Amino acid sequence: MKKMKRSSPLWVHQAHEAIRRAVAEAIAEHRRNGVSIAIWRNGRVVRIPADQIEVREPQIEYTVSLKRRK
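Residues numbered from 1 in each chain as written. Predicted model: local features only at pLDDT ≥ 70, side-chain atom pairs only at ≥ 80, totals over all residues. Heavy atoms only, no water.

**Looking at the overall build of the protein chain**
Note the threshold: The secondary structure listing takes helices from DSSP runs of H or I that are at least 4 residues long and strands from runs of E that are at least 2 residues long, numbered from the N terminus. Whether two residues touch is decided by their heavy atoms; if any such pair falls within 4.5 Å, the residues are in contact.
Tallying secondary structure elements over the protein chain gives 1 helix and 2 strands in all. Sequence separation of at least 24 residues holds for 41% of the intrachain contacts in the protein chain that already meet a minimum separation of 6.

This is the structure:
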C-alpha cells in the first residue's frame, strides 16, 4: 500500500484510516460468515476460502502533527 505524503491534510489521513478499518471489518465478517473473498495477487484474481482468511488489525502508519505551517 502506498504511503501518504506527510503534507496531506488531517482529514485525508483520517479518511484513509477509516477505510482501512472498514476493510478489516469486512474481511473479518466474511470469515465469520464462511464466505470466501476475492483478491488481486500477482496480476490475477484469486479466491481465498473463508477458513484460510487471515484477519489482521490495520496498523496505523501515519502520525500527523497538529502544528500549522506558516
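**Topic: the pattern of salt bridges**
Note the threshold: One speaks of a salt bridge when a side-chain nitrogen belonging to Lys or Arg is within 4 Å of a carboxyl oxygen belonging to Asp or Glu. Categorising residues by exposure relies on relative accessible area from a 1.4 Å probe, with only protein chains included: less than 20% of the type maximum marks a residue as buried, more than 50% marks it as exposed, and the intermediate range marks it as partly exposed.
With the rule as written, the count across this model stands at 2 salt bridges. A salt bridge links Arg 32 to Glu 25, with the nearest nitrogen and oxygen atoms 2.8 Å apart. Owing to a relative accessible area of 55%, Arg 32 belongs among the exposed residues under this scheme. Here Glu 25 falls in the partly exposed class, since its relative accessible area comes to 41%.

**Considering the pairing of strand S2 (residues 44-48)**
For clarity, the threshold we go by: When DSSP finds two or more bridges between a pair of strands, those strands are recorded as paired.
By the bridge criterion, 5 bridges tie strand S1 (residues 37-41) to S2 in an arrangement that is antiparallel. Looking at the pairing, Arg 41 lines up with Arg 44 of S2. Hairpin remark: S1 followed by S2, antiparallel, with 2 residues in the connecting loop; positive phi at Asn 42, about 55°.

**What to know about unusual backbone geometry**
Non-glycine residue Asn 42 carries a positive phi angle of around 55°. Relative to the helices and strands, Asn 42 is located in the loop between S1 and S2. Classification of Asn 42 as exposed rests on a relative accessible area of 74%.

**Considerations on helix H1 (residues 10-33)**
Cut-off, in case you're wondering: Expected helix span is taken as 1.5 Å per residue step, with the number of steps being one fewer than the number of residues.
With 24 residues, H1 should cover 34 Å at 1.5 Å per step; its first-to-last C-alpha distance of 35 Å lies within 8% of that length. Among all positions of H1, only His 13, His 16, Glu 17, Arg 20, Ala 24 and Ala 28 are buried. One or two steps after H1, the chain reaches Gly 34, where phi turns positive at roughly 75°.

**Remarks on the confidence of the model for the protein chain**
It should be kept in mind that the predicted coordinates are not to be read in detail where pLDDT is low. Stated precisely, the cut-off is as follows: Scored between 0 and 100, pLDDT is the confidence that the predictor attaches to each residue.
Confidence in the prediction for the protein chain averages 81 pLDDT; 70% of positions are at 70 or higher. The lowest-confidence element of the protein chain is H1, averaging 90 in pLDDT; the highest-confidence one is S2, averaging 95.

**Overview of the environment of Val 35**
Along the chain, Val 35 turns up in the loop between H1 and S1. When its relative accessible area of 38% is taken as the criterion, Val 35 is described as partly exposed. Considering only alpha carbons, one finds Val 35 and Ile 48, 13 residues apart in sequence, at a separation of 9.1 Å. Setting aside residues up to four positions removed in sequence, Val 35 forms contacts with His 30, Ala 50 and Ile 53.

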